[in-house]
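Coordinate inspection notes
Here is what each chain is made of, one letter per residue.
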Amino acid sequence: MKTLVVYDSLYGNTAQVAEAIGAAVAGESQVLRIGEAKPSELGSFELVIVGAPTQGGRPTEAMRAFLARVPALEGVKVAVFDTRLRAKWVKVFGYAAGKITERMESLGATLVTEPEGFIVEGKKGPLGGGELERAGAWAKDLRPD
Ligand SMILES: Cc1cc2nc3c(=O)[nH]c(=O)nc-3n(C[C@H](O)[C@H](O)[C@H](O)COP(=O)(O)O)c2cc1C
């Protein structure tokens, strides 16, 4: 299985989660920051995992710009994650993963699991205790079928 993990990260926390996911996922994987990935190459992977920090209830501007340039993904299997604060009040704005999921589904991609959020303890991090392990466990079971 060939998997692409494509992510954005301002302070490095989402990058750590993306690397943990890339290391845990079955088969061959490539982990790329959005600046390194071509929007047109997503369709050539069996599974595409997209992740971004939640900023203002949605993905970073760079991730939104990237996703706006991704062509149709009919038949492509995807999984989506974000990083987010634990605080209850942020919930009202929503999270990056939900918005990324909407975009991927509008492109025709099929979600293989529910979007997942990983906790940061503050704006700059660090990640919550056990979150890298939880990211690995989430990724280990992902399959394109
Ligand atoms: C401008 C800005 C807005 C943010 N807005 C939210 C938000 O609406 N909800 C939330 O849960 N976290 C919010 N955060 C916290 C981010 O989720 C956190 O900075 C991010 O998960 C860290 O990941 P990174 O190290 O990969 O950048 C915000 C952070 C920044 C810098």
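Parameters at a glance
Residues numbered from 1 in each chain as written. Predicted model: local features only at pLDDT ≥ 70, side-chain atom pairs only at ≥ 80, totals over all residues. Helix = DSSP H or I, 4+ residues; strand = E, 2+ residues; numbered from the N terminus. Contact = placed C-beta atoms within 7 Å. Buried ≥ 20, exposed ≤ 12 C-beta atoms within 10 Å, placed from the backbone. Pairing = 2+ DSSP bridges. Right-handed = clockwise from strand over helix to strand, strands pointing away. Near = placed C-beta within 6 Å.

Things to note about the environment of Leu 4
For Leu 4, the position within the fold is in strand S1 (residues 2–7). Aside from chain neighbours lying at most four places away, what touches Leu 4 is Gln 30, Leu 32, Leu 42, Phe 45 and Val 48.

Describing unusual backbone geometry
Between Gly 125 and the following residue, Pro 126, the backbone shows a cis peptide bond with an omega angle of 0 degrees. Relative to the assigned elements, Pro 126 resides in the loop between strand S7 (116–120) and helix H4 (131–140).

With respect to the pairing of strand S5 (residues 77–85)
Look at any regular strand and the pattern is simple: side chains alternate between the two faces of the sheet. In terms of residue burial, S5 counts as a mostly covered element, since 8 of its 9 residues are buried. Strand direction decides the pairing type here: strand S3 (residues 47–55) and S5, joined by 7 bridges, are parallel. Looking at the pairing, Ala 52 lines up with Asp 82 of S5. Here S5 pairs with strand S6 (residues 110–111) via 2 bridges, running parallel. Paired with Val 78 across the two strands is Leu 111, which belongs to S6. You can see the chain leave S5, run along helix H3 (residues 96–106) and come back into S6, and the turn it takes is right-handed. In the sheet, S5 pairs with S7 via 5 bridges, with the strands oriented parallel. The partner of Phe 81 across the bridge, within S7, is Glu 116.

Topic: H3
Every buried residue belonging to H3 is among Ala 96, Ala 97, Lys 99, Ile 100, Thr 101 and Met 104, and all of these are buried. Looking at the buried residues of H3, the elements they touch are S3, strand S4 (58–59), helix H2 (61–68), S5, S6 and S7. Gly 108 sits one or two positions beyond H3 and adopts a positive phi of about 100 degrees.

Re the site of the ligand
The environment of the ligand is formed by 20 residues, the closest being Ser 9, Tyr 11, Asn 13, Thr 14 and Thr 83. Sorting the residues of the shell around the ligand by element identifies helix H1 (13–24), S3 and S5 as the ones contributing at least two each.

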